[in-house]
Amino acid sequence: REQRLCASPDGDFFVPLREGKASIVTGHIKTFDETGILMESGEYVECDIVAAATGLNLHSNAPMADMQVSVDGKPYVASEHRIFRD
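Residue positions within a chain follow its written sequence, with the count starting from 1. In keeping with the model being predicted, local features are shown solely for residues with a pLDDT of at least 70 and side-chain atom pairs are shown and tallied solely at 80 or more, while totals for entire chains, interfaces and linings include all residues. Just so you know, side-chain values use all the structure's heavy atoms and leave hydrogens and water out.

**Topic: the overall build of the protein**
Stated formally: Counting from the N terminus, the helices are DSSP H or I runs at least four residues long and the strands are E runs at least two residues long. Relative accessibility decides the category of a residue: with a 1.4 Å probe and only protein chains considered, values under 20% of the type maximum give buried, values over 50% give exposed, and everything between is partly exposed. Any pair of residues with heavy atoms lying within 4.5 Å of one another is described as a contacting pair. Here the accessible surface of atoms and residues is derived via Shrake-Rupley with a 1.4 Å probe, and residues count as covered only by protein chains that are part of the display.
The secondary structure content of the protein amounts to 1 helix and 5 strands. Counting from the amino terminus, the protein carries its helices and strands in the arrangement α-β-β-β-β-β. Buried positions account for 10% of the 86 residues belonging to the protein. Of all intrachain contacts in the protein linking residues separated by at least 6 positions in sequence, the fraction that spans at least 24 positions is 7%. Split by element, the accessible area of the protein, about 8,200 Å² in all, is 51% carbon and sulfur.

This is the structure:
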């Protein structure tokens with residue numbers, strides 16, 4: 001599965017997700033109808049709102065962006081590292 005980064009400065013975007021009142025579905029949409037969407041995978045998702053997006057344009061040195069960061073005196077280059085959380 002793909003992992004995507006979503007920043008929400010006030011955190012209000014995440015409240016309905018934590019409360020189970022909303023969900024995020026990613027994938028390719030096959031078609032829409034009056035009550036939801038049919039995904040290319042065959043999954044049907046009932047929904048009230050669809051936010052269609054083609055992806056995020058992240059800074060080339062995410063998550064550090066324009067900050068000059070060094071680790072043990074060496075410049076941090078994000079593409080040379082992996083970030084993992086178990």
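On we go from here.
**Things to note about the pairing of strand S2 (residues 36–39)**
Selection criterion: A pair of strands is considered paired only if DSSP assigns at least 2 bridges between the two.
Alignment of strand S1 (residues 29–32) against S2, held across 3 bridges, turns out to be antiparallel. From the neighbouring strand, Ile29 faces S2, where its bridge partner is Met39. A loop of 3 residues connects S1 with S2, the two strands running antiparallel in sequence. With 3 bridges connecting them, S2 and strand S3 (residues 44–46) associate as antiparallel partners. Note on S3: the bridge partner recorded for Ile37 is Val45. Where S2 folds back onto S3 in an antiparallel hairpin, the turn is made up of 4 residues, including Gly42, whose phi is positive at roughly 100°.

**Regarding the environment of Ile24**
Within the fold, Ile24 resides in the loop between helix H1 (15–18) and S1. Residue classification places Ile24 among the exposed residues on the basis of a relative accessible area of 54%. In this structure, the C-alpha to C-alpha distance between Ile24 and Ala51, residues 27 residues apart in sequence, is 9.6 Å. In this structure, Ile24 is in contact with Phe13 and Leu17, ignoring residues within four places of it in sequence.

**Some details on the sheet that holds S2**
The condition is simple: Axes here mean lines fitted to C-alpha atoms, for a helix over just the part in contact, with angles spanning 0 to 180 degrees between N-to-C directions.
If you walk across this open sheet you meet the 3 strands as S1-S2-S3, and the pairing is antiparallel. Strands at the two margins of the open sheet, each flanked by one partner only, are S1 and S3. Taken pair by pair, the neighbouring strands of this sheet meet at an average axis angle of 25°, ignoring direction.

**Describing unusual backbone geometry**
Excluding glycine, a negative phi dihedral is what most residues carry, and trans is how most peptide bonds are arranged. For Asp72, which is not glycine, the phi torsion reads 55° and is therefore positive. With respect to the element layout, Asp72 can be found in the loop between strand S4 (70–71) and strand S5 (74–75). On the accessibility criterion, Asp72 (76% relative accessible area) is exposed.

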